[in-house]
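Chain and residue survey
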Amino acid sequence: MVGLSLLQIPGIPGGPEVLIVLVIIVLLFGANKIPELAGALGQARGEFDKGRNEVEDELEEMQTSNVDADSGAAGDSTDAASQDNDVDYDPPEVNERNTEVESNQ
């Protein structure tokens, strides 16, 4: 019963709607272009996954380096640890610039 209720979620297209969308795609692009479009879509998905994995790896590396730095600083004096981890969390004030164009009259 639970599986059947998941298939009837409002807003998710069912069988007839998907069929209509596929017919419109075939009419717009032609049957010969659909494999090319599917290939381009697959390449785009692969590039997206590759980029996501790179970002996740970088975040994980940053977290492990922060944990290592915190555990290494615990053995040192508090002054040395505070000097290594000084971070200015207050952004500098931004001076507004005059963006009006002056004429040479």
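In this report, the structure presented in the accompanying data block is examined. Every value quoted in this text rests on a predicted model; they were computed, and no experiment measured them. (Residues numbered from 1 in each chain as written. Predicted model: local features only at pLDDT ≥ 70, side-chain atom pairs only at ≥ 80, totals over all residues. Heavy atoms only, no water.)

**Quick word on the overall build of the protein**
Scanning the protein from terminus to terminus reveals four helices and zero strands. Ordered by position in the sequence, the α and β elements of the protein form the string α-α-α-α. Residues counted as buried form 2% of the 105 residues belonging to the protein. Surface accessibility of the protein: about 10,200 Å² in total, with carbon and sulfur atoms responsible for 57%. (Helix = DSSP H or I, 4+ residues; strand = E, 2+ residues; numbered from the N terminus. Buried < 20%, exposed > 50% of the residue type's maximum accessible area, 1.4 Å probe, protein only. Areas by Shrake-Rupley, 256 points an atom, 1.4 Å probe, with all protein chains shown as cover.)

**Observations concerning helix α2 (residues 15-29)**
When the terminal C-alpha atoms of α2 are compared, their 21 Å separation across 15 residues agrees well with the 21 Å that a helix rising 1.5 Å per residue should span. Remark: G30 follows α2 within two positions and exhibits a positive phi of approximately 85°. (Expected span 1.5 Å × (residues − 1).)

**Here's the deal with the pattern of salt bridges**
Using the criterion set out here, one finds four salt bridges in the structure. Between R45 and D49 there is a salt bridge, and its shortest N-O distance comes to 3.5 Å. Here R45 pairs with D49, and both are found in helix α3 (residues 34-75), just four residues apart, close to one helical turn. Among the residues examined, R45 registers a relative accessible area of 55% and is labelled exposed. With a shortest N-O distance of 3.6 Å, R52 and D49 are connected by a salt bridge. Highlighted residues: R52 and D49, both in helix α3, separated by three residues, approximately one helical turn. Linked through salt bridges whose partners overlap, the residues forming this network are R45, D49, R52 and E56. (Salt bridge = Lys/Arg side-chain N within 4 Å of Asp/Glu carboxyl O.)

All we've got here are geometric facts, nothing functional implied.
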